[in-house]
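Here is what each chain is made of, one letter per residue.
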Amino acid sequence: MTAPSPQEPSGDGSPARLSPPGREVAPLDVLVALVRERGLFVLVAGAIGLVGLIYAVVSPSQYTAESTVIREAVDENQTLPGPLPSLPGLDLGTADPGGSGPPPSSYPDLLTSREVRLAVARDTFFFPATGRRTTVVAHTNRPPGLGQRLLNHTLGLPWTLTEWAAQVFGSDAVSPIGTRGDGNGLIVPTEAEQEALDMLAEAVTTETQGAGALGDARRLMTVSVTASDPGLAARLNESFVEQLRRRVRAIHAQKTQQDLRFVRSRFAEARRELKRAEDSLSQFLEQNRSVLADGGVPDLSFRRDRLRRQVRFKEQLYSQLQGRLTETRLRLQHQQPVVTVAEQAAPPPAPSAPNRLLIVLVSIGIGLAAGAGAVYLRALRTSAETDEDGREKMKTIRRGLTVTGIAQGVRGEIKRMRD
C-alpha cells in the first residue's frame, strides 16, 4: 500500500478528498473517507432506510385468493337422440353440436377479457375499507380520504401529476362519462368503469397446468385474485369464475341461438299459414255444403281435395317445425361447455404482499450505496478544489448545469447543425 500523500488532510474532522491524479486509490483510503464523512454517510443512508421502513409499515396488506377450475370442452360426437326427419324440399339445416364454442385453451384469455372484467366491475361486493356494499366501479371511483389525499400530494406526487397530465392532454382518448355505445352496438366503458377495469386487470392472474388423461378436453386452471381484504379477494374470485362460465356458454350458444331464432320465425309463419289454410277449407265447405252433399260438381270436388292437401301439408310442416323448435331448445341446454370448480376460493389466512422484510433490506442496501455515493461526490469536489485547474473545472460544471448554460448549449448545437 502506498504512503499517504502530504497533500491529504490528516486531522480528524477535516474534509476527505480523493488521492491525487496518478495515485492508486487503496481500500484503506476509501474507509478513511467514509469515516471522515460518517455524518453525511449516516444521514443519507438513514434517510433512505427510514423512507423504506415507513413505506413497508404503511403499505396496505394484499391478500390473494386462489381457486382451481376444470376446463371442459363439448364432446362433438355426442348428439341428441331421435333426430327429426325433414320434409321433401324443406331444408332446416342440421345443428352443429361442436366447433362453434371456444376451446379450453382460450379460457385464460376469456377470464381476463374486457367483457368478463366489466361484468365483475358491475357486480356488488362488501368492501370492509368503507363498510359498504357497492359495485367495484363505485368503490374504485370513490372520493379519496384525507390520508389518501396527503399521500397523493407527498410520496405519490409524481404519480398524481402524471395522472393529471394524462387527463388534461389525453382527454380525447377517453370516452366521456355516460357513454354506452358507439353507434354500432359496441358497448364502450365509461371513465369510471375503465378505472375499475384497469384495477381488476392487475388483480387477476391465471395459471394453467398440464393436460391430463383427457388431453385438451379437460385441464386444470388456477385463478388468483388479489385484494385488500381476504374475504373480498375470495368473493372477487368467485365472481370471476361465474362470469367466465357465463361468457363461455354465451359464446358457445351463439350459433344455437341463431338457429333457435330462425326456427321460431319459421314456426310462427307455419302456424299462420296453417290457420289460413284451415280457414279457407272451412269457408269453402260452409259455402258449398249443399252442393257437395248432393254429389257435388267435379270442379268443386277438385278444389275441396286441393284445399285438404294444403291443410295436410301445412299440418306436417307445423308439426316438424314444432319438433325442431323443441330439439333446438334442448340442444341449447345440452352439450354446454362446463367450467367446473375443483377447489373453491377461500379467504387466505395470511397476506401475500407486501414483503415488508424484503422492502426494508432493499431500502437499507440502497441507502448504503447512496451514502457511499454522496461521500464519493463530496470527496471528488474537495479534491478538485485543491488546485486552480480543479476549481476552474468545477466552475465550468456548475455553469453548464444551470438553465442558462443548458440553453446556451442547445443554441450552440442548433447553430452547428445549421452550419
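Each value, and the rule that gives it
- Each residue is numbered by its place in its chain's sequence as written, counting from 1.
- Owing to the predicted nature of the model, reporting of local features is limited to residues with pLDDT of at least 70; listing and counting of side-chain atom pairs is limited to 80 or more, with chain, interface and lining totals taken over all residues.
- Processing note: side-chain calculations cover all non-hydrogen atoms of the structure and skip hydrogens and water entirely.
- In what follows, salt bridge is the name for a side-chain nitrogen of Lys or Arg lying within 4 Å of a carboxyl oxygen of Asp or Glu.
- Runs of H or I in DSSP of at least four residues are treated as helices and runs of E of at least two as strands, each being numbered from the N terminus.
- Working definition: with a 1.4 Å probe on protein chains only, accessible area under 20% of the residue-type maximum means buried, over 50% means exposed, and in between means partly exposed.
- Only Phe, Tyr and Trp rings are paired, with Trp represented by its six-membered ring, and only when their centres lie within 6.5 Å; those with planes under 30 degrees apart are stacked, over 60 edge-to-face, the remainder tilted.
- In this analysis, axes come from line fits to C-alpha atoms, helices being fitted only over the stretch in contact, and the angle between any two N-to-C directions falls in the range 0 to 180 degrees.
- By the definition adopted for this analysis, an angle is roughly parallel if under 35 degrees, roughly antiparallel if over 145, roughly perpendicular if from 65 to 115, and oblique otherwise.
- Put simply, a crossing is left-handed when the front helix is turned counterclockwise from the back one by less than a right angle, and right-handed when it is turned clockwise.
- What makes two residues a contact is simply this: any of their non-hydrogen atoms within 4.5 Å.
- Residue polarity is assigned by list, with Asp, Glu, Lys and Arg as charged and Ala, Val, Leu, Ile, Met, Phe, Trp, Tyr, Cys and Pro as nonpolar; anything else, Gly included, falls into the polar class.
- Nitrogen and oxygen atoms within 3.5 Å of one another constitute a polar contact, given that in protein one can donate a hydrogen and the other can accept it, and given that sequence-neighbouring residues count only through two side-chain atoms.
- Note: pLDDT gives the predictor's confidence per residue, expressed from 0 to 100.

Focus: the pattern of salt bridges
Line of reasoning, step 1. A full pass over the atoms with the stated rule returns 10 salt bridges.
Line of reasoning, step 2. R235 is the partner of E238 in a salt bridge, and the nearest nitrogen-oxygen pair spans 3.0 Å. Residue E238 and its partner R235 are located together in helix α9 (residues 230–252), separated by three residues, close to a single helical turn.
Line of reasoning, step 3. With relative accessibility at 37%, the residue R235 sits in the partly exposed group.
Line of reasoning, step 4. Across the pair E327 and R324 runs a salt bridge, and its minimum N-O distance is 3.1 Å. Residue E327 and its partner R324 are both found in helix α12 (residues 298–333); the two are separated by three residues, about one turn of the helix. Exposure class is identical for E327 and R324. Each is buried.

Quick notes on the packing of aromatic side chains
Line of reasoning, step 1. This model, assessed by the stated rule, comprises one aromatic pair.
Line of reasoning, step 2. On the numbers, 4.9 Å between centres and 25° between planes, the contact of F267 with Y318 is stacked. Remark: Y318 occurs in helix α12 and F267 occurs in helix α10 (residues 254–287); sequence separation between them is 51 residues.

Topic: the packing of helix α4 (residues 114–121) against α9
Line of reasoning, step 1. Where α4 contacts α9, the axes come no closer than 9 Å and their chain directions differ by 130°. Taken together, the axes of α4 and α9 are oblique relative to one another. Considering how the two elements wind past one another, α4 and α9 form a crossing that is right-handed. Of α9, the residues touching α4 (which contributes E115, V116, R117, A119 and V120) are L236, S239, F240, Q243, L244 and R247.
Line of reasoning, step 2. Grouping the amino acids of the contact of α4 with α9 by side-chain chemistry returns six nonpolar, two polar and three charged.

Regarding the side chain of S239
Line of reasoning, step 1. On the secondary structure map, S239 appears in helix α9.
Line of reasoning, step 2. Of note is the side chain of S239, whose polar atom sits 3.1 Å from the side chain of D123.
Line of reasoning, step 3. Those residues in contact with S239 that sit more than four places away from it in its chain are V120, D123 and F125.

Some remarks on the side chain of R245
Line of reasoning, step 1. Note that R245 resides in helix α9.
Line of reasoning, step 2. What R245 contacts, discounting residues up to four positions off in sequence, is V339 and V341.

Some words on the confidence of the model for the protein chain
Line of reasoning, step 1. Averaged over the protein chain, the pLDDT score is 75; the fraction of residues at 70 or greater is 68%.
Line of reasoning, step 2. Within the model, the stretch residues 171–179 combines pLDDT values under 50 with 12 contacts to residues more than four positions away or in other chains.

A short note on unusual backbone geometry
Line of reasoning, step 1. In this model, A353 is joined to P354 through a cis peptide bond whose omega is 0°.
Line of reasoning, step 2. Mapped onto the fold, P354 is located in the loop between β6 (339–343) and α13 (356–384).

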